[in-house]
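Overview (structure and organization)
In case you want the letters, here they are:
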Amino acid sequence: MKIENRDALANVCQKAQEDISSYKCRILVCAGTGCIASGSQKIYDKMQELCHDMEEVSVEFQKEVPHLGVVKTGCQGICELGPLMRIEPAHYQYVKVQPEDCVEIFEKTVLKGEPVERLFYHRDEEVFEKPEEIPFIAGQTRIVLENCGKIDAESLEEYIAAGGFSALTKALFDMTPDEVTEEVDKSGLRGRGGGGFPAGRKWKQVSRQAEKVRYVVCNGDEGDPGAFMDGSVMEGDPYKLLEGMVIAGYAVASHEGYIYVRAEYPLSVARLKHAIGEMEKAGLLGDNILGSGFSFHMHINRGAGAFVCGEGSALTASIEGNRGMPRVKPPRTVEKGLWEKPTVLNNVETFANVPGIIMKGADWFRTIGTEGSPGTKTFSITGVIQNTGLIEVPMGTTLREIIYDIGGGIKGGGLSRRCRSADRPADV
């Protein structure tokens, strides 16, 4: 499938939306890393067996090798309650699904549209049928994670159906590179990797360099203990990350992008490789993207397990094939980064915010979060919390809200010493 221009992209979007809406029932089995660990592969196998002869049923699952009629979702977020399953269009959220539950789900929900109530989330005698009703999800604002768990993570068509590449089309045909950079700068988007440096300012610094060979690099070397936010985005919505990087390339006149992925994320590497291949075949990566005259090529580098390579200069040294060691600054990456050329270096979450900003505008982005740090932040909640998992909340949300309102509090009901100052805002 070659998408040669913006009209062809609109046609693909319409057809994909029609295909998705044509299903009588869609079964979305969560296969984020947490659900895979808790046995979602067996759930998938059983549902595939039960639905094998029913053309109107689609089973969605995250799987290494795509099979005809079988697709997949990324992380649905509530890792503590996995394996997870969503049923559309009824919009039911089932939790702690076991292989022995599959026949009942098939006979009641798939065939008759009736719920299996015991598989809904229960808390204090309350029953929550829909995913957005569950307190863990209800307290979130999802921008980066909006597609995770809702679409086939490998399907280019489903990403397009969800509005994918609309921002890239707008940037390429309706905006100049400087206008794109200015919009990101106006949004106040700050780097989500920890440093919090304004992304638009960084892009402007690269654009000002006299050197015309420039690079866009994504830091996917998420090495902090218990952190799996970037990994979940790369697994569950790789096209959004790639779209953000292509837009960045257009903004700073770069034609080469590199994604440096943590060694312990083989599924992220597989998803990204697949997504890059699909985009290249469709003409959304490579030469003359969408007939715009702009070209951009993407590469993946896999880390070797060195925690220090999460630092920018060590990361670029590792991509070059050298020992990953931080260097003294200046010069900084924006001046001499990868192969001593000006380089935009942002992390996964930062790039994944870009399509929304370009599509909806900087003013929209600034309505979320705080004045100093607009937008949202993803977190992985782990440890002695009642409900562990993947969340996204507006900047300025307090740790108390994250731990107690969303996470359900400390296991055992206590207030740990570490959490006594939990009213401190979770800001950059």
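Check the entry above for the structure.
First, a word on scope: everything that follows refers to the structure included in this document. As the structure is a prediction and not an experimental result, all values here were calculated from the model. (Residues numbered from 1 in each chain as written. Predicted model: local features only at pLDDT ≥ 70, side-chain atom pairs only at ≥ 80, totals over all residues. Heavy atoms only, no water.)

The next thing to look at is the nonpolar core. In terms of nonpolar packing, the biggest core is built from 67 residues, with Phe165 and Trp203 touching the most fellow members. For this core, the element with the highest residue contribution is helix H11 (residues 238–252), accounting for 10 residues. Those residues in contact with Trp203 that sit more than four places away from it in its chain are Val180, Thr181, Val184, Ala248, Ala251, Val252, Val344, Asn346, Phe351 and Val354. One finds Cys30, Ile391, Val393 and Ile406 within the second-largest nonpolar core, a separate group that totals 19 residues. (Core = buried A, V, L, I, M, F, W, Y, C linked by side-chain atoms within 4.5 Å. Buried < 20%, exposed > 50% of the residue type's maximum accessible area, 1.4 Å probe, protein only. Helix = DSSP H or I, 4+ residues; strand = E, 2+ residues; numbered from the N terminus. Contact = heavy atoms within 4.5 Å.)

Moving on to helix H9 (residues 199–207). Buried within H9 we find Ala199, Gly200, Lys202, Trp203 and Val206. In an axial view of H9, the angular spread of the buried residues amounts to 160 degrees, which keeps them on one side of the axis. Buried residues in H9 make contact with helix H8 (177–187), H11, strand S11 (343–347) and helix H14 (348–360). (Arc of directions from axis to C-beta.)

Read from one edge to the other, the open sheet built from 4 strands follows the order S10-S9-S8-S11, with strand pairing classed as parallel. Looking along the sheet, the strands with just one partner apiece sit at the ends: strand S10 (297–302) and S11. Mean inter-strand twist for the sheet, computed between neighbouring axes without regard to direction, equals 20 degrees. Sheet analysis places strand S8 (residues 215–220) next to strand S9 (residues 256–261), joined by 5 bridges and oriented parallel. Looking at S9, one finds that Asn219 is bridged to Tyr260. Packing against the sheet, helix H13 (residues 312–319) makes contact with S8, S9, S10 and S11, and its axis sits at approximately 105 degrees to S9. Its contacts with the sheet place H14 against S8 and S11, and it is angled at close to 95 degrees to S11. (Pairing = 2+ DSSP bridges. Axes fitted to C-alpha atoms, helices over the stretch in contact; angles between N-to-C directions.)

Right, let's talk about the packing of H8 against H11 for a bit. As a packed pair, H8 and H11 sit with axes 7 Å apart at the nearest point and diverge in direction by 120 degrees. Relative to H11, H8 is oriented oblique. Helix-helix and strand crossings are classified by hand; for H8 and H11 the assignment is left-handed. Here Pro177, Val180 and Thr181 of H8 come into contact with H11, specifically with Ile247, Tyr250 and Ala251. Here the contact of H8 with H11 is composed, by residue class, of 5 nonpolar, 1 polar and no charged. (Parallel < 35°, antiparallel > 145°, perpendicular 65-115°, else oblique. Left-handed = near helix turned anticlockwise from the far one by under 90°. Nonpolar A, V, L, I, M, F, W, Y, C, P; charged D, E, K, R; others polar.)

Moving on, we come to the pattern of salt bridges. Evaluated as defined, the whole model comprises 19 salt bridges. As a salt-bridge pair, Glu49 and Lys46 come within 3.8 Å of each other at their nearest N and O atoms. Here Glu49 pairs with Lys46, and both are found in helix H3 (residues 40–51), just 3 residues apart, close to one helical turn. In this structure Lys46 comes out as partly exposed when scored by relative accessible area, which is 26%. Here Arg118 ties to Asp101 by a salt bridge, and the two come within 2.8 Å at their closest N and O atoms. In this pair, Arg118 is assigned in the loop between helix H4 (102–112) and strand S6 (121–123) and Asp101 in the loop between strand S5 (92–94) and H4, connecting sequence segments 17 residues apart. Judged by relative accessible area, Arg118 falls into the partly exposed class, the value being 48%. A relative accessible area of 7% places Asp101 in the buried class. One salt-bridge network, in which partners are shared between bridges, spans Asp101, Glu104, Lys108 and Arg118. (Salt bridge = Lys/Arg side-chain N within 4 Å of Asp/Glu carboxyl O.)

By secondary structure assignment, the location of Phe197 is in the loop between H8 and H9. Distance in space between the C-alpha atoms of Phe197 and Asn346 is 9.5 Å, their sequence separation being 149 residues. Leaving out residues up to four positions away in the same chain, Phe197 has contacts with Leu189, Arg190, Gly191, Lys202 and Gln205.

So, on to the packing of aromatic side chains. Ring pairs (aromatic) are described by centroid distance and by the angle formed between their planes. Scanning all chains against the criterion turns up 12 aromatic pairs. Pairing Phe294 with Phe296 gives two aromatic rings, centres 6.2 Å apart and planes at 25 degrees, and the pair type is stacked. Phe296 matches Phe294 in its accessibility class, with the two residues each being buried. Lying across the ring of Phe197, Arg201 places its NZ or CZ 5.4 Å from the centre. Its guanidinium or amino end placed over the ring of Tyr265, Arg262 lies 5.3 Å from that ring's centre, counting from NZ or CZ. (Phe/Tyr/Trp six-rings, centres within 6.5 Å; stacked < 30°, edge-to-face > 60°. Lys NZ or Arg CZ within 6 Å of the ring centre and 35° of its normal.)

Taken across its 6 residues, S9 has 5 buried, putting it largely inside the fold. As paired strands, S9 and S10 are joined by 6 bridges and run parallel to one another. Looking at the pairing, Glu256 lines up with His297 of S10. The β-α-β motif built from S9, the intervening helix H12 (residues 266–282) and the parallel element S10 has right-handed crossover chirality. (Right-handed = clockwise from strand over helix to strand, strands pointing away.)

Glancing now at unusual backbone geometry. The step from Gly82 to Pro83 runs through a cis peptide bond, and the omega angle for that step is 0 degrees. Following the sequence through the fold, Pro83 ends up in the loop between strand S3 (70–71) and strand S4 (85–88). Backbone torsion omega between Pro330 and Pro331 reads 5 degrees, so that peptide bond is classified as cis. You can see Pro331 is positioned in the loop between H13 and S11. Non-glycine residue Glu125 carries a positive phi angle of around 70 degrees. Note that Glu125 resides in the loop between S6 and strand S7 (126–128). Backbone geometry places Phe165, a non-glycine residue, at a positive phi of 75 degrees. Within the fold, Phe165 resides in the loop between helix H6 (156–161) and helix H7 (166–174).

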